[in-house]
Amino acid sequence: MSRIRGFMQADRKLPEKRPVAERLRDYNAINEPYAAESQRTQANRCMDCGVPFCTSGCPLGNMIPDWNNLVAREDWKAAYHRLRATNNFPEFTGRICPAPCESACVLGLYSDPVTIEQIEQTIIEQAFDNGWVQPIIPARRTGKRIAVIGSGPAGLACADQLNQAGHTVTVYERDDRAGGLLRYGIPDFKLEKWVIERRLSILRREGIRFELGVEVGVDVPIDQLEHEHHAVVICVGSTKPRDLPIPGRELSGIHFAWDFLWQQNKRVAGDDLRAAGISELNATGKHVVVIGSGDTGSDCVGTSNRQNAASVTQFGIGQRPFDHRTERDPWPYYPMTLRTSTSHEEGGDREWQVLTKRFIGERGVLKAVETIRVVRAVGADGRMTITEIEGTEQRFPADLVLLAIGYTGPESSHFVGQMGLELDRRGNIVTDPNTYETSRPNVFAAGDARRGQSLVVWAISEGREAARAIDMHLSGFISLPTKGVGDLPMRA
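All of these numbers come straight from a predicted model, not from anything done at the bench. (Residues numbered from 1 in each chain as written. Predicted model: local features only at pLDDT ≥ 70, side-chain atom pairs only at ≥ 80, totals over all residues. Heavy atoms only, no water.)

Draft legend 1. Spatial organisation of the packing of helix α3 (residues 36–43) against helix α9 (residues 116–129). It is at 10 Å that the axes of α3 and α9 come closest, and there the two elements cross at 135 degrees. Here α3 lies oblique to α9, going by the angle between them. Crossing of α3 over α9 shows left-handed handedness. Where α3 approaches α9, its residues A36, Q39, Q42 and A43 are matched on the opposing element by Q118, I119, T122 and Q126. Residues that form the contact of α3 with α9 fall into these classes: three nonpolar, five polar and no charged. (Axes fitted to C-alpha atoms, helices over the stretch in contact; angles between N-to-C directions. Helix = DSSP H or I, 4+ residues; strand = E, 2+ residues; numbered from the N terminus. Parallel < 35°, antiparallel > 145°, perpendicular 65-115°, else oblique. Left-handed = near helix turned anticlockwise from the far one by under 90°. Contact = heavy atoms within 4.5 Å. Nonpolar A, V, L, I, M, F, W, Y, C, P; charged D, E, K, R; others polar.)

Draft legend 2. View of the layout of surface pockets. When its volume is computed, the second largest pocket comes out at roughly 160 Å³. Along the walls of the second largest pocket sit N434, T435, Y436, E437, F444, E465, R468, A469, M472, H473 and I478, which together make up its complete lining. Looking at the lining of the second largest pocket, the element that brings in the most residues is helix α19 (residues 456–475), giving five residues. Residue composition of the lining of the second largest pocket, grouped by class: five nonpolar, three polar and three charged. (1 Å grid on protein atoms, 1.4 Å probe; cavity = no way out; pocket = protein on both sides within 12 Å on 5 of 7 lines; lining within 4 Å. Points joined across faces, edges and corners; volume = space filled by probe spheres on them.)

Draft legend 3. Here's a closer look at the confidence of the model for the protein. Residues with a pLDDT of 70 or more make up 97% of the protein, whose mean pLDDT is 94. Segment residues 486–492: pLDDT under 50, and 34 contacts once partners within four positions in sequence are set aside and those in other chains are kept. (pLDDT = per-residue confidence, 0-100.)

Draft legend 4. Seen up close, the sheet that holds strand β4 (residues 231–234). Strand order in this open sheet of five strands is β3-β2-β1-β4-β14, and the pairing throughout is parallel. The two strands at the open ends of the sheet, each matched to only one other strand, are β3 (209–212) and β14 (443–445). Between one strand axis and the next, the sheet turns by 20 degrees as a mean value, whatever way the strands run. With three bridges joining them, β4 and β14 adopt parallel strand pairing. (Pairing = 2+ DSSP bridges.)

Draft legend 5. Inspection of the side chain of E120 at higher detail. Of note, E120 is situated in helix α9. For the buried E120, which has no salt bridge, the nearest side chain bearing the opposite charge is R95, at an N-O separation of 9.4 Å. A polar side-chain atom of E120 sits 2.7 Å from a polar atom in the side chain of T93. Setting aside anything within four residues of it in sequence, one finds E120 in contact with N62, W67, L83, N87, P90, T93 and G94. (Buried < 20%, exposed > 50% of the residue type's maximum accessible area, 1.4 Å probe, protein only. Lys, Arg positive; Asp, Glu negative; His and termini not counted. Salt bridge = Lys/Arg side-chain N within 4 Å of Asp/Glu carboxyl O. Polar contact = N/O pair within 3.5 Å; in protein donor to acceptor, adjacent residues only side chain to side chain.)

Draft legend 6. View of the pattern of salt bridges. Taken as a whole and assessed by the stated rule, the structure comprises 34 salt bridges. The shortest N-O distance in the salt bridge between E125 and R198 comes to 2.8 Å. Residue E125 is located in helix α9, and its partner R198 is located in helix α12 (residues 193–205); the two are separated by 73 residues in the primary sequence. The class of E125 is buried, set by a relative accessible area of 14%. For R198, a relative accessible area of 18% gives the class buried. A salt bridge links R183 to E197; the shortest N-O distance between them is 2.4 Å. Of this pair, R183 sits in helix α11 (residues 181–184) while E197 sits in helix α12, and the two are 14 residues apart along the sequence. Sharing partners across several salt bridges, the network here consists of K17, R23, R306, E345 and E346.

Right, dumping it as structure tokens:
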């Protein structure tokens, strides 16, 4: 580090956020612009600790101390090359990753960790601003053709790696725009979509072909796809939402979170849902109940507030997390502490230890939600038990309920079912752990479709690792980097 005691001379500082009243009027990014010089100060807080637990905490194996050191020395171009060596899309992870690397930061043992995620975002934005991010056309083509199904973070990372290895890659996406979860599952106030378009433009110029609005198994037969390609990679994510089959579920006004977020992202993109024949779903003037305490639930809270909901209440079935680590999640593990998102800052109530018992309506229309408080505990057999607390029944007014309680694997209809792929007990596609190959020859899987619902950074890691295995399968030798090592030519 340029200042070896920088962590003793500067405190952790993140960008200022726009005022709540202002940001509730739009879907633009939350943070104010942040000067690169401020990031240099933050990078100087890196301790050069010798054993970088931050690197092991990152699913991509990012060489974080290396690029922190380069930022501290104001060598932004070298910092970009070091970052891009292990992360295909730092502009995504620098905005929406929960930063398990920061939880593993050694400085966090007794102080606030380094602002790794914000430094990462600043590095890549400096690279774009200075014109260092340019398309690299592979010097040679192998003659191998690969189909990637799904254009989310796993599919894009896999396609990028395979293309750079010289294979000819076509990405199939059933939606009208590429990006998958990044495009339609994450609100613009967390990830503005011009960020995705900027990267897609580069990928296209590098030779990756995108077939949009094309559903494999419907618009393109499986036999044809396999005949035209030497390998098929399934990166469709975990898209089957978990339902809540309790009394009253048939009432109108109960929807999956994905449908709600998808519609709003389409509106922000300028689409006319009514003209497209889509029954519009919004929270305007309604009492909204969000069931589920995770990131998707939080996104529903922020979106409902921007749609001027009458009230927003979010349920979590577990007890309120602690504000600090416990013996169950010691450093350097990712702690299950209370997290207050920017959406929570903007308004709404959070209720803990709530079990939804039934939906109540009149003439087929939702009016309220009936709940009871519970205690969750791990039984002697290792399974989670739920005990209801007598006398804690309660009713919450509700005109709109959004189910944000997770996903149960890829949709089994269409091509997954047509291929007869083996699934595990959770509904995920079974693959060889080393080769990523499914039960069907020359068909591979990566990302949430294989490992289950997870983080964007894990999806990128999965896409990279699957690409390496597929390249080895097709070429017979290794030309792509292992995790945490970058040996491909960088974008100059």
